[in-house]
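# Inside the fold
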Amino acid sequence: MHTVYVNTGGTPPDARAAIAAQARAVGAVEHHESDARGAVFDRFVRFLSLGNVLRGEVYPLSVAAERTQQALSVIEAARAIGAGAVAHGSTGAGNDQVRFDVALRVLAPDLEIVTPIRDLGVTRDHAIAYLTERKLPVPAKAGAYSVNRGLWGTTWGGGWTHDTWAGPPAELLEPPADAPAPREIVLAWACGLPVALDGAALDGPTLVERLNGLAEAYGFGRGIHVGETALGIKGRIGFEAGAALLLIAAHRELEKLVLTKWQAFWKDQLGRFYGDRLHEGQYFDPALRDIEALITSSQARVTGETRVRLAPGRFQVVGTRSPHSMMDQTVATYGEENRLWTGDEARAYARIAAIPALLAARASKQ
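Presented here is a report on the structure given in the accompanying data block. (Residues numbered from 1 in each chain as written. Predicted model: local features only at pLDDT ≥ 70, side-chain atom pairs only at ≥ 80, totals over all residues. Heavy atoms only, no water.)

## Describing the sheet that holds strand β10 (residues 222-228)
- Strand order in the open sheet formed by four strands is β5-β6-β11-β10, with antiparallel pairing between adjacent strands. Both edges of this open sheet fall to β5 (146-150) and β10, since each of them pairs with a single strand only. Adjacent strand axes in the sheet meet at a mean angle of 25°, parallel and antiparallel pairs treated alike.
- Of the strand pairs in this sheet, β5 and strand β6 (residues 153-157) are connected by five bridges, and their pairing is antiparallel. Of the residues in β6, the one forming a bridge with R149 is T154. (Pairing = 2+ DSSP bridges. Helix = DSSP H or I, 4+ residues; strand = E, 2+ residues; numbered from the N terminus. Axes fitted to C-alpha atoms, helices over the stretch in contact; angles between N-to-C directions.)

Here it is, written out as structure tokens:
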């Protein structure tokens, strides 16, 4: 048996070394590591960011952005060594089993999918006892939480998340006591994607990692999400996704300057659908390629800068500018004066605008 670790971000070198040591301890013939951070950004984070995708209006799909890529990278490793089967440790209750299995069945239907945890109904406590009895390494806090760290955020499942009335522990509620003083940062954007931080050009994954470092230092970007799983039941998770939330908020504010009302409306609808399908493991549906094409087209003028203020426990987008801004003070000032129409024309428009509701009101009285 070979083991594969797919690095989707958020795991420092010492943690990756511990994973490799665990693979050797359980008797793997060889341990493989794949750096997929760039692929995660280009294939998934790109469209989750461009689409301003927040599940339940709060959660930036941190885990869903990674699982399908992990399956893709595992398939590549399986092909390279000539494997006849792929095993994963998902239970029969969550979303990950669907994400992994769909990718494997679509792209590698010849590979057998081996899932002993799911098939045998092995509980977390049983698994820990099994490993402990054999003096094999057990991840810290494995009995209490399932923690997923990645480029687009970190999630916690288990413990307090199972009780919908219970709040998170203090470290997820309060900003760090040694948080830095408030400061402002400037993000530069080109066709909807962040390309620079405070004047320094950065590739996508590096920029996200830098923002995650700032979010951790200031303690912002934390939240709780309740929603439907791929199997239709309700689930609850805690998450910390400062970079994702900041980028989506800043991107949305820049879009407000350059997109028309209906561009933004339809893009929001499609972004929501896109996130739903990705969440449920249906990345390979051709409809998602069509949506990606429309979202990409909508970003042609989403270029400019956003200014964001960071403070302990929060951030705020405080300024935006773009060479394509439709907010033109030379022709109109909101609520005060304009040069595009006369007062008489405005009066006539307002009178006509009332007609549908006027007719409805008359009909309801009759």
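From this point, things continue past the structure.
## Regarding helix α9 (residues 261-279)
- Here α9 contains 19 residues, and its C-alpha end-to-end distance of 27 Å stays within 8% of the 27 Å for a straight helix at 1.5 Å per residue.
- Elements that come into contact with the buried residues of α9 comprise α2 (37-50), α3 (64-81), α4 (96-107), β10, α8 (242-258) and α10 (286-298). (Expected span 1.5 Å × (residues − 1). Contact = heavy atoms within 4.5 Å.)

## Topic: the side chain of T8
- Among the secondary structure elements, T8 is positioned in the loop between β1 (2-7) and α1 (13-25).
- Here T8 falls in the buried class, since its relative accessible area comes to 2%.
- Among the polar contacts made by the side chain of T8, one reaches the side chain of E66 at a distance of 3.3 Å. (Buried < 20%, exposed > 50% of the residue type's maximum accessible area, 1.4 Å probe, protein only. Polar contact = N/O pair within 3.5 Å; in protein donor to acceptor, adjacent residues only side chain to side chain.)

## Observations regarding the packing of α2 against helix α7 (residues 204-218)
- Put simply, α2 and α7 touch, their axes get as near as 8 Å, and they point 100° apart. On the basis of the axis angle, α2 is roughly perpendicular to α7. Two secondary-structure elements touch here, α2 through R37, G38 and F41 and α7 through G204, P205, V208 and E209.
- Grouping the amino acids of the contact of α2 with α7 by side-chain chemistry returns three nonpolar, two polar and two charged. (Parallel < 35°, antiparallel > 145°, perpendicular 65-115°, else oblique. Nonpolar A, V, L, I, M, F, W, Y, C, P; charged D, E, K, R; others polar.)

## Digging into the sheet that holds strand β13 (residues 314-321)
- Read across the open sheet, the five strands follow the order β9-β8-β7-β12-β13; overall the sheet is antiparallel. Edge positions in the sheet fall to β9 (200-201) and β13, since each of these pairs with one other strand and no more.
- Sheet topology places strand β8 (residues 193-197) next to β9; two bridges connect them, and they run antiparallel. Bridging from a neighbouring strand, A196 pairs with A201 of β9.
- Strands β7 (183-190), β8, β12 (304-311) and β13 of the sheet are contacted by α8, whose axis makes an angle of about 30° with β13.

## As for the layout of surface pockets
- Taken as a whole, the second largest pocket encloses approximately 410 Å³ of empty space.
- Lining the second largest pocket are 17 residues, with R149, T154, N212, G213 and E216 sitting closest to its centre.
- Residue assignment for the lining of the second largest pocket shows that the elements contributing at least two residues are β5, β6 and α7. (1 Å grid on protein atoms, 1.4 Å probe; cavity = no way out; pocket = protein on both sides within 12 Å on 5 of 7 lines; lining within 4 Å. Points joined across faces, edges and corners; volume = space filled by probe spheres on them.)

## What to know about α8
- With 17 residues, α8 should reach 24 Å at 1.5 Å per residue; the first-to-last C-alpha distance of 25 Å fits that figure.
- Counting buried residues along α8, 13 of its 17 residues qualify, which places the element largely inside the surrounding structure.

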